[in-house]
Amino acid sequence: MNGGKAGSVVAEVSMESLLIELQRLKRLDRTGWVLRGLAPGAESVAAHSYGVAFTAMLLADEVRARGAEVDVERVLRVALLHDLAEARTGDMPRTMALYYGAEARRAAERAAFDDMMRSLGARRSADYGALHEDYEARESLEARLVKAADILDLLAQALVFERAGAGELAEFWEGARERDFGLEGVAKEVVAEMLGALVAAREALK
């Protein structure tokens, strides 16, 4: 009995340290907006992550409603984990890849992610690590849906900013309708419809 109780206490303390570190994402600005002149605090990484998770849920549920198989729980887990490492690395802008390379960025984020997960124990750390790797490699339908959700949330936020008068965000919309997420069939149709709806809403601003 005492051994089980002690194990529970250790697990609780480990989860607590990760939960505290997670709070940084609530105060961490999305760098891309700041670099384009929006005021600090326009959007946090945590806010974006919530938007991605919600969008991914909508996509997965619609794909499933149209008859395709998709693991919605996996979709949500991948979405919730996909930007977690930024609590340590910060939100690195896309331009950084020009100087450090995409692989260096991925390696840094994976190293940070693994370090953060270490307090949860080997088994859970490995489980979460596999989900993180799936997102980076886009190996599963679920990971590809999350990547699509990542872009859809980005475009939805850009649209909201533009409706409020923000300028110089056109680059985010370049080739939006043609974005290829490696999806097929029903999943490709659902994502294309959402992309088209956002692009149409933006065109209505002109």
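Residues numbered from 1 in each chain as written. Predicted model: local features only at pLDDT ≥ 70, side-chain atom pairs only at ≥ 80, totals over all residues. Heavy atoms only, no water.

J.: Explain the overall build of the protein chain to me, please; I cannot follow it from the model alone.
T.: Regarding its fold elements, the protein chain presents 11 helices and zero strands. Secondary structure elements in the protein chain, listed N-terminal to C-terminal, are α-α-α-α-α-α-α-α-α-α-α. By the compact-globule yardstick of 17 Å for 206 residues, the protein chain fits well, its C-alpha radius of gyration being 18 Å. When the backbone C-alpha atoms are referred to their principal axes, the protein chain occupies close to 65 × 45 × 30 Å. Relative to its full complement of 206 residues, the protein chain shows a buried share of 40%. Counting only carbon and sulfur atoms, one obtains 55% of the accessible surface of the protein chain, whose full area is about 11,500 Å². Positive and negative side-chain charges of the protein chain, numbering 27 and 35 respectively, have mean locations separated by a distance of 2 Å. (Helix = DSSP H or I, 4+ residues; strand = E, 2+ residues; numbered from the N terminus. Rg over C-alpha atoms; globule rule 2.2 N^0.38 Å. Buried < 20%, exposed > 50% of the residue type's maximum accessible area, 1.4 Å probe, protein only. Areas by Shrake-Rupley, 256 points an atom, 1.4 Å probe, with all protein chains shown as cover. Lys, Arg positive; Asp, Glu negative; His and termini not counted. Charge placed at Lys NZ, Arg CZ, Asp CG, Glu CD.)

J.: Any chance you could explain the packing of aromatic side chains here in plain terms?
T.: One pair of aromatic rings is described through two measures. These are the centre distance and the angle between the planes. Within this structure, the stated rule accounts for three aromatic pairs. Considering the side-chain rings of Trp 33 and Phe 161, the 5.0 Å spacing of their centres and the 80 degrees angle between planes classify their relative orientation as edge-to-face. In this pair, Trp 33 sits in helix H3 (residues 31–35) while Phe 161 sits in helix H10 (residues 141–163), placing the two residues 128 residues apart along the sequence. The residues Trp 33 and Phe 161 share a single accessibility class, namely buried. Counting every residue linked through ring pairs, the aromatic cluster contains Trp 33, Phe 161 and Phe 172. Over the ring of Tyr 135 we find Arg 138, and its NZ or CZ is 4.6 Å from the ring centre. (Phe/Tyr/Trp six-rings, centres within 6.5 Å; stacked < 30°, edge-to-face > 60°. Lys NZ or Arg CZ within 6 Å of the ring centre and 35° of its normal.)

J.: Whenever I open this one, H10 confuses me. Can you help?
T.: Residues separated by three or four positions in an α-helix point in the same direction, a consequence of the helix having 3.6 residues per turn. With 23 residues, H10 should reach 33 Å at 1.5 Å per residue; the first-to-last C-alpha distance of 33 Å fits that figure. Judged by how many residues are buried, H10 sits mostly within the fold: 18 of 23 residues are covered. Downstream of H10 by one or two residues, Gly 165 has phi in the positive range, about 105 degrees. (Expected span 1.5 Å × (residues − 1).)

J.: How do you make sense of the confidence of the model for the protein chain when you look at a structure like this?
T.: It should be kept in mind that the predicted coordinates are not to be read in detail where pLDDT is low. Of all residues in the protein chain, 94% attain a pLDDT of 70 or more, and the chain-wide mean is 92. When the criterion is pLDDT under 50, residues 6–13 qualifies, and its contacts beyond four places in sequence or with other chains add up to zero contacts. (pLDDT = per-residue confidence, 0-100. Contact = heavy atoms within 4.5 Å.)

J.: Would you take a moment to explain the nonpolar core for this structure?
T.: A general trend in soluble globular proteins is that nonpolar side chains are found buried together. In this structure, Trp 33, Leu 59, Leu 145, Val 146, Leu 155, Trp 173 and Val 191 are the most contacted members of the largest nonpolar core, which totals 50 residues. Elements supplying a minimum of two residues to this core: helix H4 (45–65), helix H5 (72–81), helix H8 (102–117), helix H9 (122–137), H10 and helix H11 (185–203). Top contributing element to this core by residue count: H10, with 11 residues. Apart from residues lying up to four places away in sequence, Leu 145 is in contact with Leu 59, Ala 60, Val 63, Val 70, Val 75, Leu 183, Ala 187 and Val 191. (Core = buried A, V, L, I, M, F, W, Y, C linked by side-chain atoms within 4.5 Å.)

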